[in-house]
Amino acid sequence: MEKIRNYTRRCNSHDYCKPATYHIILHKATSAPDFGALRGNPMIPYGKHGNAYIYRSPLGRIIDEEIYRWPEFYPSLKVFQHIVMPDHVHILVRVLEKTPKKFGFYVNKLKVSIKIRWNEANGHSIMPPVFLPNYTDRIIFPWRSIQVIIEYIRWNPHRLAMRHLHPEFFRRSRPIMIEGRRWQAYGNLFLLRNPFKDIVRVSRRATESDRERMKGDALFNTTKGGVAVSPFISEGEKQVRDAIEEAAGRMIHIQEYPFPERFKPERRRFDQCCEGRLLILAPMESLAFPSRREECLHLNQVALAIAEERFTPL
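Structural notes, computed from the coordinates.

Thresholds applied
Residues numbered from 1 in each chain as written. Predicted model: local features only at pLDDT ≥ 70, side-chain atom pairs only at ≥ 80, totals over all residues. Heavy atoms only, no water. Helix = DSSP H or I, 4+ residues; strand = E, 2+ residues; numbered from the N terminus. Contact = heavy atoms within 4.5 Å. Areas by Shrake-Rupley, 256 points an atom, 1.4 Å probe, with all protein chains shown as cover. Lys, Arg positive; Asp, Glu negative; His and termini not counted. Charge placed at Lys NZ, Arg CZ, Asp CG, Glu CD. Expected span 1.5 Å × (residues − 1). Buried < 20%, exposed > 50% of the residue type's maximum accessible area, 1.4 Å probe, protein only. Pairing = 2+ DSSP bridges. Axes fitted to C-alpha atoms, helices over the stretch in contact; angles between N-to-C directions. Disulfide = S-S within 2.5 Å. Parallel < 35°, antiparallel > 145°, perpendicular 65-115°, else oblique. Nonpolar A, V, L, I, M, F, W, Y, C, P; charged D, E, K, R; others polar. Salt bridge = Lys/Arg side-chain N within 4 Å of Asp/Glu carboxyl O.

**Side note on the overall build of the chain**
- A tally of helices and strands in the chain yields 9 helices and 13 strands.
- A sequence separation of at least 24 residues applies to 70% of the contacts in the chain between residues at least 6 apart.
- As displayed, the chain has an accessible area near 16500 Å², and 53% of this comes from carbon and sulfur atoms.
- The centroid of the 51 positive side-chain charges in the chain is displaced by 5 Å from the centroid of its 34 negative side-chain charges.

Next up, the structure:
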């Protein structure tokens, strides 16, 4: 429950009465039946015939209907996209004008209307709670693309189906000790044991010909079954990363910040995890180096240690 409370914490500096856009998640209560079941083929992309989808249960259908009706009761709300998953609900909603009540009031009213409908569907019995207390919210600031969030919500059944198909690629590992620090992994752990791991390190001072040579070396290694290891910090390293991605090569990406709660990579990296082409390593605690240069040097040392198999699973 502590994790849930952290994940539903509100932004103290934000006025929840003013116009804004939110991506909210309502989590199913343990006692409630599933909102639906996964159907379809995980290998078929979203939007194609036979793709993965959620077949809604009677409760799931009630939730879906009440979300559609929500703006009818509160015209200051506009729902852009929503999806009912088996154990949670995603809603992308905009508050169009300043409201007399905070946004949480309207979310609570939605949850109450769903509970009333569920009680009615069961002969007016008092049914157990449908949702966990509170909800998750993420404020969508103007510089973030609404369409990207819409696509993220639409692709949820596909991501769930891929996690069922390849569970080994979507579990955080036990901590790994590298260069005196604990790291956590997400993705294809088998990449750590690949014997052909090469570090990708391109100096910002490298010439264009040097960059092309290093890119060629990395591509040669990965297309022959090897793995590129790097934090991919410099522009040259990012160019190598992009080339490896385009060639469907395999990588271990070392990121400088810990995984957030309920971490899921964005769609591009998610697809790479699905295909077993990516492993993401993140420190268990913030690195907190006094300068960016020292942090980058440490990340490169971690990459070298991984390439040389100087790490220990805890």
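**Quick look at helix H9 (residues 292-307)**
- With 16 residues, H9 ought to run about 22 Å at 1.5 Å a step, and its terminal C-alpha atoms sit 23 Å apart, in line with that.
- Looking only at H9, the buried set comprises Glu295, Cys296, His298, Leu299, Asn300, Val302, Ala303, Ala305 and Ile306.
- Remark: Glu309 follows H9 within two positions and exhibits a positive phi of approximately 60°.

**Let's talk about the sheet that holds strand E4 (residues 77-84)**
- Ordered in space as E4-E5-E1-E6, the 4 strands form an open sheet in which the pairing is antiparallel. The open sheet has two edge strands, E4 and strand E6 (136-139), and neither has a second partner. Each neighbouring strand pair of the sheet contributes to a mean axis angle of 20°, computed without reference to strand direction.
- In this structure, E4 lies alongside strand E5 (residues 88-95), joined through 7 bridges in antiparallel fashion. The residue bridging Gln81 from the neighbouring strand is Leu92, located in E5.
- Relative to the sheet, helix H2 (residues 58-73) contacts strand E1 (20-27), E4 and E5, its axis offset from that of E4 by approximately 165°.

**Things to note about the state of the cysteines**
- By the definition in use, this model includes 0 disulfides.
- With no disulfide partner, Cys11 has as its closest neighbouring cysteine sulfur the one in Cys17, 14 Å distant.

**Thoughts on unusual backbone geometry**
- At His124, a residue that is not glycine, the phi angle is positive and equals roughly 65°.
- For His124, the location among the structural elements is in the loop between helix H3 (103-121) and E6.
- According to the relative accessible area criterion, His124 is exposed, its value standing at 60%.
- In this structure, Glu309 takes a positive phi of about 60° despite not being glycine.

**Details of the packing of helix H4 (residues 146-154) against helix H5 (residues 156-165)**
- It is the contact of H4 with H5, at a shortest axis distance of 4 Å, that shows an interaxial angle of 45°. In this view, H4 runs oblique relative to H5, as classed from their interaxial angle. Contact with H4, carried on its side by Tyr152, Ile153 and Arg154, involves Asn156, Pro157 and Arg159 of H5 and no other residues of that element.
- Within the contact of H4 with H5, the residues separate by chemical class into 3 nonpolar, 1 polar and 2 charged.

**Focus on the environment of Glu266**
- Inspection of the secondary structure puts Glu266 in the loop between strand E11 (250-254) and helix H8 (267-274).
- Take Glu266: its relative accessible area is 38%, and that puts it in the partly exposed class.
- Sequence spacing of Glu266 and Tyr152 is 114 residues, and the spatial spacing of their C-alpha atoms is 8.3 Å.

**Here's the deal with H5**
- Here H5 lies mainly inside the structure; 7 of its 10 residues are buried.
- All of the buried residues along H5 are Asn156, Pro157, His158, Arg159, Leu160, Ala161 and Met162.
- Buried residues in H5 make contact with strand E2 (36-39), strand E3 (53-56), E4, E5, H4 and H8.

**Thoughts on the pattern of salt bridges**
- Evaluation of the coordinates by the stated rule reveals 23 salt bridges.
- Among the ionic pairs, Glu66 bridges to Arg69, the shortest N-O distance being 2.7 Å. Placement of both Glu66 and Arg69 in helix H2 is noted, with a separation of 3 residues, approximately one turn of the helix.
- Owing to a relative accessible area of 3%, Glu66 belongs among the buried residues under this scheme.
- According to the relative accessible area criterion, Arg69 is partly exposed, its value standing at 31%.
- Sharing partners across several salt bridges, the network here consists of Glu65, Glu66, Arg69 and Arg117.

**Comments concerning the sheet that holds strand E13 (residues 311-313)**
- If you trace the 7 strands from one edge of the open sheet to the other, you get E9-E10-E11-E12-E8-E7-E13, paired in mixed fashion. Across the chains shown, the open sheet's two edge strands, defined by having one partner strand only, are strand E9 (197-199) and E13. For this sheet, the mean angle separating the axes of adjacent strands, direction not counted, is 25°.
- As defined by bridge partners, strand E7 (residues 176-178) adjoins E13 across 3 bridges and the pair is classed as antiparallel. Counterpart to Met177 in the pairing with E13 is Thr312.
- Together, strand E10 (227-230) and E11 form the strand contacts of helix H7 (residues 235-246), whose direction differs from that of E11 by roughly 145°.
- Strand contacts of H8: strand E8 (181-187), E11 and strand E12 (278-283), with the helix running at about 120° to E12, the strand carrying the most contacts.

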